[in-house]
Amino acid sequence: MDLIAGASPEYLEYLYRRWCDDPESITPAWRAFFRGFEAGGAQEGEGVPAGMVAKQSAVDSLIYRYRDLGHLLACTDPLASCKPDHPLLALEHYDLDAGDLDRTFHSRRYLLKPAATLREILETLRETYCRSIGVEFMHIQDPHERTWLIERMEPVRNRPSLSVEEKLRILETLQQAALFEGFLHRRFIGQKRFSLEGGETLIPVLDAAVTRGAEQGVSDLILGMAHRGRLNVLANIVGKPPENIFAEFTDNLPLGFVGDGDVKYHKGFSCDRELPGGRRIHLTLAFNPSHLEAIDPVAEGKCRARQDAAGPQGAKRVLPLLIHGDAAFAGQGVVAETLNLSQLEGYGTGGTLHIVINNQIGFTTLPADARSSLYATDVAKMVAVPIFHVHGEDPEAAVHAVRLAVDYRQTFGKDVVVEIICYRRHGHNEGDEPYFTQPVMYDRIKDRPPVHVLYAAQLVAEGVAQEEIDGRAAAYSKLLEEAVAAPPRPLSAGFDGKWERYRRDYSPEPVETAVDLATLRSLAARLAVIPPGFTPHPKVAALLDRRREAVEKGEGIDWGNGETLAYATLLAEGVSIRLSGEDSRRGTFGHRHSTLYDMTTEAHHVPLAAVAAQGAAFNAWDSMLSEFAVLGFEYGYSVEAPEGLVIWEAQFGDFANGAQVIIDQFVAGGESKWDRASGLVLFLPHGFEGQGAEHSSARIERYLQLCADHNMQVVFPSTPAQLFHLLRRQVKQPFRKPLVVFTPKSLLRHPRCVSRPEELATGRFREVIVSGAAPERAGRLIFCTGKIYYELLERMEGDGRDDLAVIRVEQLYPLRDDLLREALAPFRGVADAVWLQEEPRNMGGWSFIRPHLAELLGAEPRYVGRPENDVPAVGSHRLHQEEQERIIGDALS
């Protein structure tokens, strides 16, 4: 901080008098300050009366206020007149007046000289902070960052020094943005395109960001954005051939797309772009549904995966760039969630460049009804990063701001926001009539010339030939005309690059997942080793010993041990694992303990890291308290890391409904819509133990309703060995499909829910398990899945029932009808069949499996479970126990 920041005038007067009486009575720093102050006054030929110290303090306060509040006077709105003054920036507020304007004061570096008149100081401050760029940065807590920004803004008055060629490049990108939209409007009348008109400055801003990023070492840039302006960005930034975009407007189906596809303004693209000077950069625009900001964490996860693969400098080489709308940035909670991820160890991406296109309207909603804050960007202040508000019709200022933003990100590894304040020339889409709801605003807009026309006039006034300007526009118009007449180009689909080795289609063929006993014993022993001098919690140390002993003695492998052995064997084979969730290191129910903590120093020890082969890594992250953003992040990560095992774990499976947009739009539908596969695993704790409506059901029925065309795998394993083989199968399959796993709570320590090492060393994951009575003794078939099997087993044994055959359906989707048919073959003479579940009748697996079993059995099985309900479970533990006993009794009666 500057020496006198926050010092009162009275205190300064006191120090000054002491210095005059006895310089040695104050600190060296203050002595130097007053010597410099007096020397500055001597240059003006006047003495330094004590009252001038108070004046200097007032000027320093004024400088601080302009840096802090100058954005309130910035002229950034094309549709509004500029504010002439603000009471907190008036001279009289600081006991200054016109008589002080020509007095000399210390100017603190920013004028590149030690002193300046107050008139010069005010001129610098107003030109820097009150023209086309308003900057919010004084909320940043790090003084080094604030100083860095000041030193790059004030000496140049926040204006770039651009060559003629750079200015022509800005004009060219503005022309491309406008001409592209105009061409679509004329050629494809009445079709939605979510035009960028009114916000064309976005294109030169993105062009500058790409170029500046490449200059700063960025080789890979991932963009996420909603639909407004997306086609323009695809054509003019990301390099999607315009002939392919035009073919989508004509609904030219033979484009080689696999699946259902999506509307054109949701699609993504990637390419390598050549830049001046021989630089190359890979650009990716991520696919996005209409859920606007839902792409934010997904794009961040994609970036993190690429950064991890790129090595130690990955964060500098891979840049996330998110483009937002003003209403969505202020209104959607996932924005705040994604910002909160930005500086967390397991989720940071070295800073994100956020560009907000401020159309000053949502669909039909004005800012006064859309947010409670002054700016649409105020939520970004939570992470203490700079925010640049830029006039949307001053493209040079916008380019300057984004260059500075990229430099800041590369220097400090933090997010930065550039808000382009513009307008929307048409309604929400080109078929809407905005005059219905905002007549005054659209009166201002209708006669405004496009920004490329305004900028062209500026360049002509500066001496650029009109022929040069017209020639560039004509060349681009010709390109569009040629493209609309050309056939679409063949483009690579989603299964290239790192995805080439994987198949698109699901296949049920078994894969080898067993691991020999010697390897299991060796890994179990290594996992139990505690580093010298490390003191774990006694219970955790005992747990590690029990896990080792279970493998050595050949019995009692519990759920946590089976899961850990699955990770260990994969890591030893070179497979990286990423596990993420709100309490995933320990596990919500204390079963995992993947990370140990020293009882005296809280140092960390990760046993699984010690067994990883070279190149493989185990990372378990305790996430922030979010489902939406964190699941989106892990989905994005999985799309970029098909060779690894990526797992998101809900604290309770019920809480996954907080991420339903990610589940519906990305996990379930991503491959069908966008040809982008994912092997993401969801761990969803599920089971009715009397914990009420919000801690019982992971909503099995919702996932099954999303299943079709082999898009996901939905599994409810009932033994540790099953989980072991399942996790290994997920990596070893020749395809990648999301895997939804309903994991246990009470079964984590159930004495019957254990496996023997031989079950891990042989066999594979079993989609259907038959137990109980032999076919010749069976009088009833009971189908079930999950925890209720163990309650049924205990009652059967207690009642001495040996006439019941139990068929556990471990994989609900894709349902293995062939294996069920094979399992049923010996029981053809058994007419009594029951489907048993804990969940209410309108939930769980019943609605899904009912027609399948009816077809296989030749008659519909009897339903046994809770009756239909509007909540999954009761809140009373007593009532829960009564219901469980009734259900089991009904199954046996």
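Above this text is the structure in question.
The following refers to the structure shown. (Residues numbered from 1 in each chain as written. Predicted model: local features only at pLDDT ≥ 70, side-chain atom pairs only at ≥ 80, totals over all residues. Heavy atoms only, no water.)

**Quick word on the overall build of the protein**
At step 1: Scanning the protein from N- to C-terminus turns up 31 helices and 24 strands.
At step 2: In terms of its C-alpha atoms, the protein occupies a principal-axis envelope of roughly 115 × 80 × 50 Å.
At step 3: Every one of the 893 residues in the protein was classed for burial, and the buried ones make up 59%.
At step 4: Sequence separation of 24 or more characterises 79% of the internal contacts of the protein that already satisfy a separation of 6 or more.
At step 5: Counting every atom, the protein has about 35100 Å² of accessible surface; 51% of that belongs to carbon and sulfur.
At step 6: A distance of 3 Å separates the average location of the 97 positive side-chain charges in the protein from that of its 124 negative side-chain charges. (Helix = DSSP H or I, 4+ residues; strand = E, 2+ residues; numbered from the N terminus. Buried < 20%, exposed > 50% of the residue type's maximum accessible area, 1.4 Å probe, protein only. Contact = heavy atoms within 4.5 Å. Areas by Shrake-Rupley, 256 points an atom, 1.4 Å probe, with all protein chains shown as cover. Lys, Arg positive; Asp, Glu negative; His and termini not counted. Charge placed at Lys NZ, Arg CZ, Asp CG, Glu CD.)

**Examining helix α5 (residues 143–153)**
At step 1: For α5, the set of buried residues is Glu145, Arg146, Trp148, Leu149, Ile150 and Met153.
At step 2: Here α5 starts with a cap whose side-chain oxygen sits 2.9 Å from the backbone nitrogen of His144, and that cap is Asp142. (Polar contact = N/O pair within 3.5 Å; in protein donor to acceptor, adjacent residues only side chain to side chain.)

**Points about the environment of Glu822**
At step 1: Locating Glu822 in the fold gives a position in helix α29 (residues 817–824).
At step 2: The exposure class of Glu822 is exposed, given its relative accessible area of 58%.
At step 3: Sequence spacing of Glu822 and Asn288 is 534 residues, and the spatial spacing of their C-alpha atoms is 43 Å.

**Let's talk about the packing of α29 against helix α30 (residues 846–857)**
At step 1: Contact pair α29 / α30: the axes reach a minimum separation of 11 Å and the direction vectors enclose 45 degrees. By the angle between their axes, α29 is oblique relative to α30. Helix-helix and strand crossings are classified by hand; for α29 and α30 the assignment is right-handed. Residues Asp817, Leu820, Arg821 and Leu824 of α29 pack against His852, Leu856 and Leu857 of α30.
At step 2: Residue composition of the contact of α29 with α30, by class: four nonpolar, one polar and two charged. (Axes fitted to C-alpha atoms, helices over the stretch in contact; angles between N-to-C directions. Parallel < 35°, antiparallel > 145°, perpendicular 65-115°, else oblique. Left-handed = near helix turned anticlockwise from the far one by under 90°. Nonpolar A, V, L, I, M, F, W, Y, C, P; charged D, E, K, R; others polar.)

**Some thoughts on the pairing of strand β15 (residues 645–649)**
At step 1: Of all five residues making up β15, five are buried, and the element is well covered by its neighbours.
At step 2: Across the two faces of β15 the burial is the same, with Leu645, Ile647 and Glu649 and Val646 and Trp648 all buried.
At step 3: Two elements, strand β11 (residues 577–581) and β15, share five bridges in a ladder whose sense is parallel. Within β15, the residue paired with Ile577 across the bridge is Leu645.
At step 4: Here β15 runs beside strand β16 (residues 681–685); their pairing, made up of three bridges, is parallel. Bridge assignment links Ile647 to a residue of β16, and that residue is Val681. (Pairing = 2+ DSSP bridges.)

**Here's the deal with the packing of aromatic side chains**
At step 1: For the structure on display, the rule yields 24 aromatic pairs.
At step 2: On the basis of an interplanar angle of 40 degrees and a centroid distance of 5.2 Å, the ring pair of Phe183 and Phe246 is categorised as tilted. Linking Phe183 in helix α6 (residues 164–187) with Phe246 in helix α9 (residues 242–249), this pair joins segments that are 63 residues apart in sequence. Just as Phe183 is buried, Phe246 falls in that class too.
At step 3: Put simply, the rings of Phe180, Phe183, Phe188, Phe246 and Phe249 pair up and form one aromatic cluster.
At step 4: Here the guanidinium or amino end of Arg578 rests over the ring plane of Tyr637, the centre of that ring lying 4.8 Å away.
At step 5: Directly above the ring of Tyr789 sits Arg808, whose terminal nitrogen or CZ lies 3.8 Å from the centroid. (Phe/Tyr/Trp six-rings, centres within 6.5 Å; stacked < 30°, edge-to-face > 60°. Lys NZ or Arg CZ within 6 Å of the ring centre and 35° of its normal.)

**Describing the nonpolar core**
At step 1: Residues Leu353 and Phe388 are the most contacted members of the largest nonpolar core, which totals 98 residues.
At step 2: Looking at this core element by element, the count peaks at ten residues for helix α15 (residues 395–412).
At step 3: Non-local contacts of Phe388, meaning those with residues more than four positions away in its chain, are made with Ile133, Gly134, Val135, Leu149, Met153, Ala401, Leu404, Val416, Val417, Val418 and Glu419.
At step 4: Leu684, Phe716, Leu812 and Tyr813 belong to the second largest nonpolar core, which has 69 residues in total. (Core = buried A, V, L, I, M, F, W, Y, C linked by side-chain atoms within 4.5 Å.)

**Description of the state of the cysteines**
At step 1: Counted according to the given criterion, the structure contains one disulfide.
At step 2: What pairs with Cys75 in a disulfide is Cys82, and their sulfur atoms sit 1.7 Å apart.
At step 3: In this structure Cys271 is not part of a disulfide, and its nearest cysteine sulfur, from Cys303, lies 15 Å away.
At step 4: For Cys303, a relative accessible area of 0% corresponds to the buried category. (Disulfide = S-S within 2.5 Å.)

**Re the sheet that holds strand β20 (residues 780–784)**
At step 1: The mixed open sheet is built from five strands, whose spatial order is β19-β21-β20-β23-β24. In this open sheet, the two edge strands, each paired with only one partner strand, are β19 (768–772) and β24 (862–866). Strand-to-strand twist across the sheet, computed as the mean angle between neighbouring axes with direction ignored, equals 25 degrees.
At step 2: As paired elements, β20 and strand β21 (residues 804–809) share five bridges and run parallel to each other. Pairing of Phe783 across the sheet is with Ile807, part of β21.
At step 3: Here α29 sits on the sheet in contact with β19, β20 and β21, set at roughly 20 degrees to β19.

**Comments concerning unusual backbone geometry**
At step 1: Between Tyr813 and Pro814 the backbone carries a cis peptide bond, its omega angle lying at -10 degrees.
At step 2: Structurally, Pro814 is set in the loop between β22 (811–813) and α29.
At step 3: We note that Phe194 has phi near 50 degrees; this positive angle belongs to a residue other than glycine.
At step 4: Owing to a relative accessible area of 4%, Phe194 belongs among the buried residues under this scheme.
At step 5: A positive phi is found at Asp675, a non-glycine position, where the angle reads about 60 degrees.
At step 6: In this structure, Asp675 sits in the loop between α24 (670–674) and β16.

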